[in-house]
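Listed below are the residues making up each chain.
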Amino acid sequence: MEAFTTHTGRAVPLRRGNVDTDQIIPAHWLKKVTRDGFEDGLFEAWRKDPDFVLNRPERRGASVLVAGPDFGTGSSREHAVWALQNYGFKAVVSARFADIFRGNSLKNGLLTVVLPQETVDALWELTEADPDAEVTVDLVARQVRAEGITADFDLDENARWRLLEGLDDIGLTLRHEADVAAFEAGRPSFKPSTARI
Amino acid sequence: MGRTLAEKVWDDHVVRRAEGEPDLLYIDLHLLHEVTSPQAFDGLRKAGRPVRRLDLTIATEDHNTPTLDIDKPIADPVSRTQLETLRKNCAEFGVRLHPLGDVEQGVVHVVGPQLGLTQPGTTVVCGDSHTSTHGAFGALAFGIGTSQVEHVLATQTLPLAPFRTMAVTVDGELPEGVTAKDLILAVIARIGTGGGQGYVIEYRGTAVEKLSMEARMTVCNMSIEAGARAGMIAPDDTTFAYLKDRPHAPQGDDWDAAVDYWRTLRTDDDAVFDHEVVIDAAELSPFVTWGTNPGQGAPLSAAVPDPAAYPDPSDRLAAEKALEYMGLTAGQPLRDIRVDTVFVGSCTNGRIEDLRAAAAVLEGRRIADGIRMLVVPGSVRVSLQAVGEGLDKVFTAAGAEWRHAGCSMCLGMNPDQLAPGERSASTSNRNFEGRQGKGGRTHLVSPQVAAATAVLGHLASPADLPAPSGTAAASDVRTPLGA
Ligand code: SF4
């Protein structure tokens with residue numbers, strides 16, 4: 001997993017609440033057998049509308065999504081996180097996230113930032129008025145900054161440390177590789193092996 | 001204080017324990033199939049990580065495989081891609097794979113035990129909820145998600161939150177014609193589909209001790225339908241006899257050392273379970289489901305329940321919706337329910353004893369006109385053994401179709417499906433809406449009930465059958481206990 005310290009980029013204001021995972025990535029995309037290539041499925045239904053904010057040329061290359069409350073509700077599919085990342089988003093800002101989506105995002109290195117709705121409103125106004133406005137999401141200082149906006153956010157210490165270090169679950173376990181090797185050295189010889197006989 | 005069987009196996013696999021963190025558990029055996037592994041391999045590839053223990057990892061193809069014309073290319077593009085991806089991944093990472101056409105191919109939970117890989121006191125995982133099947137050997141076996149599959153591939157361990165323990169004690173003698181399937185369906189109806197949540201269930205008591213290994217697997221298989229994380233049965237001489245001389249069972253001195261260890265895997269007399277359920281075997285009878293979850297079941301002799309009789313409003317609503325989906329009316333005797341399709345197979349009831357039990361009922365009989373009956377062995381080995389015993393002939397003579405091994409009609413992922421509105425009696429484990437095909441209606445039953453239902457065209461047990469032409473009376477149709 002890529003480490004996240006601080007990120008600065010342009011934003012996409014998504015003025016919608018209750019964006020569920022089926023809207024983020026529709027079910028028929030779940031048949032894919034890889035973790036990438038989901039970018040075209042991201043918000044697939046809405047993107048059929050040429051006026052949808054993601055389709056506008058000035059939003060190309062934006063990497064911070066600023067969404068309405070209750071982002072990521074519905075089915076627990078991890079693909080929703082992959083789709084956002086595949087598209088190029090590094091962080092999502094919302095007043096409230098669904099729990100499972102939030103857990104999945106932090107495990108995969110997508111920073112989900114909870115800010116009060118007033119701050120979200122301010123970010124929407126700023127980035128709608130000026131598509132080139134840059135937003136900085138600083139995990140070291142736990143702060144979101146943009147022109148005229150400085151907002152602190154909370155993140156539990158363990159999740160923050162893992163993001164800063166770029167440690168996914170596997171990376172974390174591999175830090176205890178010596179314990180695993182020691183356990184293996186003590187396994188009895190009668191334990192089953194799948195090696196062909 | 002003493003420990004339960006599950007706690008003993010857990011303790012023997014703790015790699016690392018730290019305050020405020022889940023235990024890191026070592027995994028002895030990792031089973032793979034085509035549905036839940038592709039993204040896990042992809043994750044490894046992206047991170048440049050190898051499979052840590054190829055010698056503890058094995059893959060087979062089951063969910064998407066057809067059971068007819070297996071030498072022809074697979075028609076459905078999604079199924080084909082999943083199988084091809086598994087083959088490519090196993091070749092790239094060096095994982096042992098038994099693909100369609102291989103003699104060791106079959107449903108992953110049938111293959112592990114028959115190879116002797118599933119052993120007492122081991123930890124077994126697979127990206128599939130019915131991994132609980134392997135608990136029949138006294139293994140701690142549970143299903144995991146795709147990111148956990150990747151974790152096990154990379155580290156051979158899993159960080160796991162602790163579980164609670166439940167004892168389901170079944171004492172006494174199962175009545176004639178009552179099987180392991182009836183037992184577990186009755187258990188689920190009793191504790192509910194959420195009743196086992198967070199628990200590892202240990203099945204014990206004299207009735208459980210008398211079950212064969214096949215029957216024990218049927219019981220543990222459906223632990224997940226009670227919401228439990230796993231099901232277990234303490235290993236004993238029945239377990240050891242099943243394992244002896246299997247291809248991957250310990251040999252020579254290792255066998256003796258293993259059996260010495262395995263004999264210690266019993267719940268201590270002074271151990272305390274977090275929850276206990278007691279069932280009197282003598283009260284059990286053939287059991288079938290009428291609804292759309294495995295807890296909605298009743299004795300075959302009963303009638304479709306009246307939703308209004310449920311005190312709990314959410315149960316009442318669930319029953320109402322189930323009856324609507326199933327096209328049934330309250331008060332209708334279960335024996336009156338006519339079916340179109342009968343399925344014998346799956347990791348619940350696709351082993352040799354199950355096929356023998358169904359064949360014993362069909363011997364000398366014909367299935368009713370208009371009934372489609374599929375008999376699908378759980379693995380190629382089971383298939384070969386059944387053919388060796390002439391069971392395939394019994395099935396085809398009765399008018400049933402004898403198919404190639406796989407998950408088949410257990411789930412609508414391969415060509416064997418119910419059409420909308422079609423009704424089946426099925427020996428599988430899930431009767432959810434659309435599980436066997438969109439709009440399909442499923443009644444979960446034992447192999448014996450499945451066979452009798454095929455003969456009469458409506459839900460029935462062998463005791464309901466007239467004597468087969470030219471043989472003794474119906475009461476002489478002996479069905480092996482617990483098969
Ligand atoms: S037989 Fe059914 S329950 Fe068993 S692994 Fe296959 S699909 Fe799952």
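Conventions we followed
Residues numbered from 1 in each chain as written. Chains lettered and ligands numbered in written order. Predicted model: local features only at pLDDT ≥ 70, side-chain atom pairs only at ≥ 80, totals over all residues. Heavy atoms only, no water. Axes fitted to C-alpha atoms, helices over the stretch in contact; angles between N-to-C directions. Helix = DSSP H or I, 4+ residues; strand = E, 2+ residues; numbered from the N terminus. Parallel < 35°, antiparallel > 145°, perpendicular 65-115°, else oblique. Left-handed = near helix turned anticlockwise from the far one by under 90°. Contact = heavy atoms within 4.5 Å. Buried < 20%, exposed > 50% of the residue type's maximum accessible area, 1.4 Å probe, protein only. Pairing = 2+ DSSP bridges. Near = heavy atom within 4 Å. Nonpolar A, V, L, I, M, F, W, Y, C, P; charged D, E, K, R; others polar. 1 Å grid on protein atoms, 1.4 Å probe; cavity = no way out; pocket = protein on both sides within 12 Å on 5 of 7 lines; lining within 4 Å. Points joined across faces, edges and corners; volume = space filled by probe spheres on them. Buried area = accessible area lost by both parts, 1.4 Å probe. Salt bridge = Lys/Arg side-chain N within 4 Å of Asp/Glu carboxyl O. Polar contact = N/O pair within 3.5 Å; in protein donor to acceptor, adjacent residues only side chain to side chain. Core = buried A, V, L, I, M, F, W, Y, C linked by side-chain atoms within 4.5 Å.

Peer 1: Now, about the packing of helix 3 (residues 79-87) of chain A against helix 4 (residues 99-108) of chain A: what can you tell me, with residues and values included?
Peer 2: Between two packed helices, the angle of one axis relative to the other and the distance separating the axes together describe the packing. All names here are of chain A. The N-to-C vectors of helix 3 and helix 4 enclose an angle of 50°; their axes lie 9 Å apart at closest approach. Classified by the angle their axes make, helix 3 and helix 4 are oblique. Note that helix 3 runs across helix 4; the crossing there is right-handed. Where helix 3 approaches helix 4, its residues Ala 80, Val 81, Trp 82, Leu 84 and Gln 85 are matched on the opposing element by Phe 101, Asn 104, Ser 105 and Asn 108.

Peer 1: Go over the side chain of Ser 132 of chain B with me, naming the residues and quoting the values.
Peer 2: Residues and elements named next belong to chain B. Secondary-structure assignment places Ser 132 in the loop between strand 6 (123-126) and strand 7 (140-143). The class for Ser 132 is buried, based on a relative accessible area of 0%. Once residues within four sequence positions are removed from consideration, Ser 132 is found in contact with Ala 141, Cys 220, Asn 221, Ser 223, Ile 224, Ala 230 and Gly 231.

Peer 1: An account of the sheet that holds strand 8 (residues 157-160) of chain B is needed here, citing residue identities and associated values.
Peer 2: Residue and element names in this part refer to chain B. Read across the sheet, three strands follow the order 1-2-8 without closing on themselves; strand pairing throughout is antiparallel. Either end of the sheet is taken by a strand with one partner, and the two such strands are strand 1 (14-16) and strand 8. When the angles between neighbouring strand axes are averaged without regard to direction, this sheet yields 40°.

Peer 1: Tell me about the site of the ligand, residues and numbers included.
Peer 2: Inspection of the region around the ligand gives His 63, Val 107, His 109, Asp 128, His 130, Ser 346, Cys 347, Cys 407, Cys 410, Leu 411, Asn 429 and Arg 435 of chain B as its neighbouring residues. Among the residues making up the shell around the ligand, the classes are represented as five nonpolar, five polar and two charged.

Peer 1: Explain the layout of surface pockets to me, and be specific about the residues and the numbers.
Peer 2: All names here are of chain B. The space that makes up the second largest pocket amounts to roughly 260 Å³. In this structure, the second largest pocket is lined by 17 residues; those nearest its centre are Gln 114, Tyr 242, Arg 246, Val 382 and Gln 385. Going through the elements one at a time, helix 4 (108-114), helix 8 (213-221), helix 13 (352-362) and helix 14 (380-388) are the ones with two or more residues in the lining of the second largest pocket. Of the residues that constitute the lining of the second largest pocket, the class distribution is eight nonpolar, two polar and seven charged.

Peer 1: Describe in detail the interface of chain A and chain B, supporting the description with residues and values.
Peer 2: Each partner contributes to the interface: chain A provides 33 residues, whereas chain B provides 47 residues. The contact between chain A and chain B buries some 3,400 Å² in all, and 56% of this surface belongs to carbon and sulfur atoms. Contact with chain B buries surface across chain A, with Val 33, Phe 190 and Thr 194 of chain A losing the most and accounting together for 22% of the total. One can count nine salt bridges joining chain A with chain B. Residue Arg 52 of chain B pairs with Glu 184 of chain A through a salt bridge whose shortest N-O separation is 2.8 Å. Between the two partners, chain A and chain B, sit 25 residue pairs in polar contact (both at pLDDT 80 or more).

Peer 1: Go over the sheet that holds strand 5 (residues 96-98) of chain B with me, naming the residues and quoting the values.
Peer 2: Remark on secondary structure: sheet strands pair via backbone hydrogen bonds, oriented parallel or antiparallel. Residues and elements named next belong to chain B. Taking strand neighbours across the sheet as the criterion, the five strands line up as 5-4-3-6-7 in an open arrangement whose pairing is parallel. The sheet is open, and its two edges are formed by strand 5 and strand 7, each paired on a single side. Between one strand axis and the next, the sheet turns by 20° as a mean value, whatever way the strands run. As defined by bridge partners, strand 3 (residues 29-32) adjoins strand 6 across three bridges and the pair is classed as parallel. In the sheet register, His 30 faces strand 6, and the bridge partner there is Val 125.

Peer 1: Quick one: what's the story with the nonpolar core, residue by residue and with numbers?
Peer 2: Of all hydrophobic cores here, the largest spans 80 residues; its most connected members are Leu 140, Tyr 203 and Trp 262 of chain B. At eight residues, the largest contribution of residues to this core is made by helix 6 (residues 180-191) of chain B. If sequence neighbours within four positions are ignored, Trp 262 of chain B has contacts with Phe 190 of chain A together with Gln 119, Pro 120, Pro 235, Phe 240, Leu 243, Pro 250 and Trp 255 of chain B. Judged by nonpolar contacts, the second largest core, of 51 residues, contains Leu 391, Val 394, Ala 425 and Ala 452 of chain B.

Peer 1: Describe in detail the side chain of Asn 108 of chain A, supporting the description with residues and values.
Peer 2: Residue and element names in this part refer to chain A. Mapping Asn 108 onto the fold places it in helix 4. Asn 108 sits in the buried class, given a relative accessible area of 17%. A distance of 2.8 Å separates a polar atom in the side chain of Asn 108 from the backbone oxygen of Asn 104. Every residue in contact with Asn 108, bar those within four places of it in the chain, is listed here: Met 1, Arg 35, Glu 78, Val 81, Trp 82 and Gln 85.

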